[in-house]
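A closer look at the structure
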Amino acid sequence: MSRAKLQGLGIDLPLFPVTSVGSFPKPDFLLKARADYANNRIRRGALEKAERQATEFWIRKQEELGVDVLVDGEVYRGDMVAYFAENLEGFEEGGLVRSYGNRYYQKPIISDEIRWDEPITLEWWKYARGITKKPLKGMLTGPYTIMDWSFIEYYPDRRTACLALAKELRKEVEALVEEGAKIIQIDEPAISVRPEELPVAIEAMHIMTDGLPAYFISHICYGDFEKIYPGMLDLPVDNFDLEMSNSGLDMLELFKRSSYTKDISFGVVDSHSHEIENDPLVEQRLRQALEVIPKEAIWVDPDCGLKTRTVDEAIAKMQAVVNAARALRAVTSDK
Amino acid sequence: MELMLCNHSSYPRIGDDPDRQLLRRTIAQYDKGEKTEEAVRAAQDRMTELALAEQTEAGLDLVTDGQIRWADPISHLAGKLSGVRVNGLLRFFDTNFYFRQPVVQGRPERREPLLLEEFRFAQEKSALPVKAVLTGPYTLARYSVAESGGSGGFDEMLEGYTAALAAEIAALAAGGAAVIQIEEPALLRYLDDFPRFERCLTALAMNKDSSQLALVVYFGDAAAVYDQLQTLPVDILGLDFTYSPRLVDRVASSGTARTLMLGLVDGRNTRLEDPVATARQLEILARGAGLNRAYLSPSCGLEYLPRDRARQKIRQLAFIRNTFLGSLS
């Protein structure tokens, strides 16, 4: 359990801390500003103003809902990999490729040596921290995922590209820690995809986190966990943020077979469905988690980032998460 | 050696210019109630024609419709069968592409043609022969979930998918498909299950009539199963060489009783193959395996690449062939 570590960092959280995976949908005014900027109708400063307004909107919304550990909402990012590729040297913009259905993203190309020249997320983290007193996660996409979701032209192989990324991205983690970030999430949704490469991902995560005074979370989703569990427990992080609902909580069966030893941010609502889960269903999912994982180790959140939902859907889903955490706190806190 | 050029299966349905973003735009408008189903179909038609034109322009001998109408390789077929509903997203192998998982109650049944109209449209619009492409029953079953659970549920799904696809192969053969390609990437993850896989494929092959049946495996190392693949009742065997450094030597030393579709051009990475190095691989294969006839192709569908790079890849096939033929002469 890492409650002691959190307390050592000066962070005291209730049972079942509520958080979110990271991204929230862009409000209409920001979508319009982005379109205007893309068509040269407004300047960069006007777009950034809209991004700050949208960030504040989501900070206030999380506070109103009763979320315990906040995120900045990532409304200033287009895509979780492309954003970092745009801000690191060595990448060039790739064309559009499809991710599912009618969703596309620009997959970057590693065409030169990767280099971190200046902080990427830090200014947004500082801005968000300045407008809330709640704990705020620093949010990065991890080196394995950036490597896996990029085309690799410069480096001879995937491992070399991944470790080069880790070495440079550590500088971003150090910048966040230096500025006071205590909880840092390194998203690695691709990590479950090639089980034979798990050692590479672990090596890269060591480069990212070793010796740094922060509570580390890693978000992993949409993969074949059976092939990387329990090996994934060797990733040097404190908390895995996992997509549980979309897969019918079947990972709990794995945890029964081989003990789960870290904290978990337990996904209790499906991020890719328009349907808003009702409170009893979400509570039931959380109760099932409690059958397998100690209550002190459980955080609660959606399966994945909510940026593909509408603003109203995202709020409703977060409300369902908060309601479930509160209901379970009421019945378990004295046990 | 006769070396023909072919597309693998999918082709990007989007590009950087507005004309090539027609389908995405139309579907987005359809989702908001601003466009009709007919408009979506017309956009799919247009993008299919563009995909065919780019393959023709690249000098291919055998093209595909680019699978422009497919939501994904699993639900596009399974979702049309009765007894199947389509559920949440799952990652497609080790790609960053996601498919909707079929949930199967009992045995899936084919009530209507699955791909025949799509094939007819593409063939009508193409001066070149169009290859019909289906995801195979084994891969469909592996990526579906049976509501009844257990191995009995899996077998029932597999039998249902096999029967449905066998009927579709008969329809495509009757519809004039010269080559029908069965894609079975899942086999390479379940090598121990080869006997069950063989039974499925044998059932499919019985319905091919005068069409050539191609079995294509990818996203894994086929070296270990190469000899077994040679025993299957297919005319063409498609291999992904990007996952296995041993496969060129393996094929060269074992030879082949089938026409090979050589996936030497990486369909997953933008880096263009060096024509000289790839031609050298072809030489090793041609001499070692004594090939008289083969297809050169990408290693997998090209939808994993941006359109400009996909287009460069299929053009590169012709450069590689020229280099290879030059080296022979």
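Details of the structure are given in the entry above.
No experiment lies behind these values; they were computed from the predicted model shown. (Residues numbered from 1 in each chain as written. Chains lettered and ligands numbered in written order. Predicted model: local features only at pLDDT ≥ 70, side-chain atom pairs only at ≥ 80, totals over all residues. Heavy atoms only, no water.)

**Observations concerning the overall build of chain B**
Heads up, the condition is: The helix and strand labels rest on DSSP assignments: H or I over at least four residues marks a helix, E over at least two residues marks a strand, and numbering proceeds from the N terminus. When a residue's accessible area, from a 1.4 Å probe over protein chains only, is under 20% of the maximum for its type it is buried; when over 50% it is exposed; and in between it is partly exposed. Residues count as neighbours in contact if any of their non-hydrogen atoms are within 4.5 Å of one another. Working definition of accessibility: Shrake-Rupley area with a 1.4 Å probe, residue cover restricted to the visible protein chains. By the counting scheme adopted, Arg and Lys are positive, Glu and Asp are negative, and His together with the chain ends is not counted. Charged groups are reduced to one reference atom each: NZ for lysine, CZ for arginine, CG for aspartic acid, CD for glutamic acid.
Secondary structure summary: chain B contains 11 helices and 10 strands in total. Dimensions of chain B, computed from C-alpha atoms along their principal axes, come out at roughly 60 × 50 × 35 Å. Here chain B holds 329 residues, and 60% of them are scored as buried. A separation threshold of at least 6 residues defines the contact pool for chain B, and within that pool the share at least 24 residues apart is 74%. In the form shown here, chain B has an accessible surface area of approximately 12100 Å², with 47% of it arising from carbon and sulfur atoms. Distance between charge centroids for chain B: 2 Å, based on 38 positive and 43 negative side chains.

**Description of the overall build of chain A**
Heads up, the condition is: C-alpha atoms define the radius of gyration in this analysis, and the globule rule sets the expected value at 2.2 Å times the number of residues to the power 0.38.
Along the backbone of chain A there are 11 helices and 11 strands. Here the C-alpha atoms of chain A give a radius of gyration of 19 Å, agreeing with the 20 Å that 2.2 N^0.38 yields for 335 residues. For chain A, the C-alpha atoms occupy an extent of roughly 55 × 45 × 40 Å along the three principal directions. Each of the 335 residues in chain A was classed as buried or not, and the buried ones make up 63%. Taking as baseline every contact in chain A between residues at least 6 positions apart, the subset at least 24 positions apart corresponds to 76%.

**Some words on the nonpolar core**
Applied cut-off: Only buried residues count toward a nonpolar core, which is a set of Ala, Val, Leu, Ile, Met, Phe, Trp, Tyr and Cys residues joined through side-chain atoms within 4.5 Å.
Counting 116 residues, the largest nonpolar core has Ile180(B), Leu229(B) and Leu239(B) as its most contacted members. Contacts of Ile180(B), omitting those with residues within four sequence positions, involve Ala132(B), Leu134(B), Ile169(B), Leu172(B), Ala173(B), Ser211(B), Gln212(B), Leu213(B) and Ala214(B). Counting 112 residues, the second-largest nonpolar core is a separate cluster that includes Phe24(A), Trp58(A), Phe255(A) and Leu89(B).

**Remarks on the interface of chain B and chain A**
Note the threshold: By definition, the buried area sums, over both parts, the 1.4 Å-probe accessible area that each loses when the two are put together. For this analysis, a salt bridge means a side-chain nitrogen from Lys or Arg found within 4 Å of a carboxyl oxygen belonging to Asp or Glu. The definition of a polar contact used here is a pair of N or O atoms within 3.5 Å, where within protein one atom must be able to donate a hydrogen and the other to accept one, and adjacent residues in sequence count solely through side-chain atom pairs.
Counting residues at the interface gives 32 residues for chain B and 28 residues for chain A. A buried area of about 2600 Å², summed over both sides, lies between chain B and chain A, and 48% of it is on carbon and sulfur atoms. In this assembly, chain B and chain A are joined by four salt bridges. Counting across the interface, chain B meets chain A through 16 residue pairs in polar contact (both at pLDDT 80 or more). Taken together, the elements giving at least two residues each to the side of chain B that touches chain A come down to α1 (22–31), β2 (82–91), β3 (98–109) and α11 (307–328) of chain B. A per-element tally of the side of chain B that touches chain A places α1(B) first, with four residues.

**Let's talk about the side chain of Arg321(B)**
Looking at the element boundaries, Arg321(B) is found in helix α11. Once residues lying within four places of it in the same chain are set aside, the contact partners of Arg321(B) are Leu3(B), Met4(B), Leu5(B), Gly59(B), Asp61(B) and Leu296(B).

**Some details on the pattern of salt bridges**
In total, this model carries 56 salt bridges over all chains according to the counting rule given. Residue Arg77(A) pairs with Glu74(A) through a salt bridge whose shortest N-O separation is 3.7 Å. Exposure class is identical for Arg77(A) and Glu74(A). Each is buried. Its salt-bridge partner being Asp61(B), residue Arg321(B) comes within 3.1 Å of it at the nearest N-O pair. Of this pair, Arg321(B) sits in helix α11 while Asp61(B) sits in the loop between α2 (37–57) and α3 (75–78); the two residues are 260 residues apart in sequence, bridging distant segments of the chain. Shared partners join several salt bridges into a network, and the residues in it are Asp17(B), Arg20(B), Glu54(B), Glu57(B), Arg307(B), Arg311(B) and Arg315(B).

**Structural notes on the pairing of strand β4 (residues 109–115) of chain A**
All names here are of chain A. Quick note on the threshold: We treat two strands as partners when DSSP finds at least two bridges between them.
Taken together, the three bridges between strand β1 (residues 89–92) and β4 define a ladder with antiparallel strand orientation. Within the sheet, the bridge partner assigned to Glu89 lies in β4 and is Arg115. Pairing of β4 with strand β6 (residues 151–152) involves two bridges; the strand directions are parallel. Residue pairing across strands places Ile109 opposite Phe151, the latter belonging to β6.

**Some thoughts on the sheet that holds β3(B)**
Residues and elements named next belong to chain B. An order of β2-β3-β5 is seen for the three strands of this open sheet, with the pairing classed as mixed. Here the strands that pair on one side only, and so sit at the sheet edges, are β2 and β5 (145–146). Relative to β5, β3 is paired through two bridges, and the arrangement is parallel. Note that in β5 the partner of Val104 across the bridge is Ala146.

**Points about the packing of α2(B) against helix α4 (residues 116–125) of chain B**
Residue and element names in this part refer to chain B. Operational definition: To get an axis, fit a line to the C-alpha atoms, keeping to the stretch in contact for a helix; angles then go from 0 to 180 degrees between the N-to-C directions. Working definition: roughly parallel below 35 degrees, roughly antiparallel above 145 degrees, roughly perpendicular at 65 to 115 degrees, and oblique for all remaining angles. Handedness of a helix crossing follows the sense of rotation of the near helix relative to the far helix, less than a right angle counterclockwise being left-handed and clockwise being right-handed. Here the nonpolar group is Ala, Val, Leu, Ile, Met, Phe, Trp, Tyr, Cys and Pro; Asp, Glu, Lys and Arg are the charged ones; every other residue, Gly included, is treated as polar.
The geometry of α2 relative to α4 is characterised by a closest axis approach of 10 Å and an angle of 50° between their N-to-C directions. On the basis of the axis angle, α2 is oblique to α4. For α2 against α4, the interelement crossing comes out right-handed. Across from Asp45, Thr48, Glu49 and Leu52 in α2, the residues of α4 making contact are Phe121, Ala122 and Lys125. In terms of residue class, the contact of α2 with α4 is made up of three nonpolar, one polar and three charged.

**Quick notes on the environment of Asp16(B)**
On the secondary structure map, Asp16(B) appears in the loop between β1 (2–5) and α1. In contact with Asp16(B), other than residues within four places in its own chain, are Gly95(A), Leu96(A) and Gln21(B).

**As for the state of the cysteines**
All names here are of chain B. Operational definition: Any two cysteine sulfur atoms within 2.5 Å of one another count as a disulfide.
Enumeration according to the criterion identifies zero disulfides over all chains in this entry. With no disulfide of its own, Cys6 lies closest to Cys300 among cysteine sulfurs, the gap being 13 Å. A relative accessible area of 0% means that Cys300 is categorised as buried.

**A short note on the packing of aromatic side chains**
Residue and element names in this part refer to chain B. Here is the rule we go by: Two rings belonging to Phe, Tyr or Trp (six-membered ring only in the last case) form a pair when the distance between their centres is within 6.5 Å. Interplanar angles under 30 degrees mark stacking, angles over 60 mark edge-to-face geometry, and anything in between is tilted. Only lysine NZ and arginine CZ atoms are considered, and such an atom sits over a ring when it is within 6 Å of the ring centre and within 35 degrees of the ring normal.
According to the stated counting rule, one finds 23 aromatic pairs over all chains in the structure shown. Both rings, one in Phe92 and one in Phe219, keep their centres 6.3 Å apart while their planes meet at 75°; by these two values the pair is edge-to-face. One end of the pair, Phe92, is in the loop between β2 and β3; the other, Phe219, is in the loop between β7 (212–216) and α8 (226–229), with 127 residues separating them in the sequence. Under the relative-accessibility criterion, Phe92 is labelled buried at 1%. By relative accessible area, Phe219 is classed as buried at 3%. Centre to centre, the rings of Phe219 and Tyr243 are 6.3 Å apart; their planes meet at 50°, and the pair counts as tilted. Highlighted residues: Phe219 in the loop between β7 and α8 and Tyr243 in the loop between β8 (236–240) and α9 (247–254), separated in sequence by 24 residues. What links up through ring pairs into an aromatic cluster is the set Phe92, Phe93, Phe99, Tyr143, Tyr218, Phe219, Tyr243 and Tyr304. Geometry around Phe121 places Arg69 over its ring, the cationic atom sitting 5.0 Å from the centre.

Shape is all these values report; function is a separate question.
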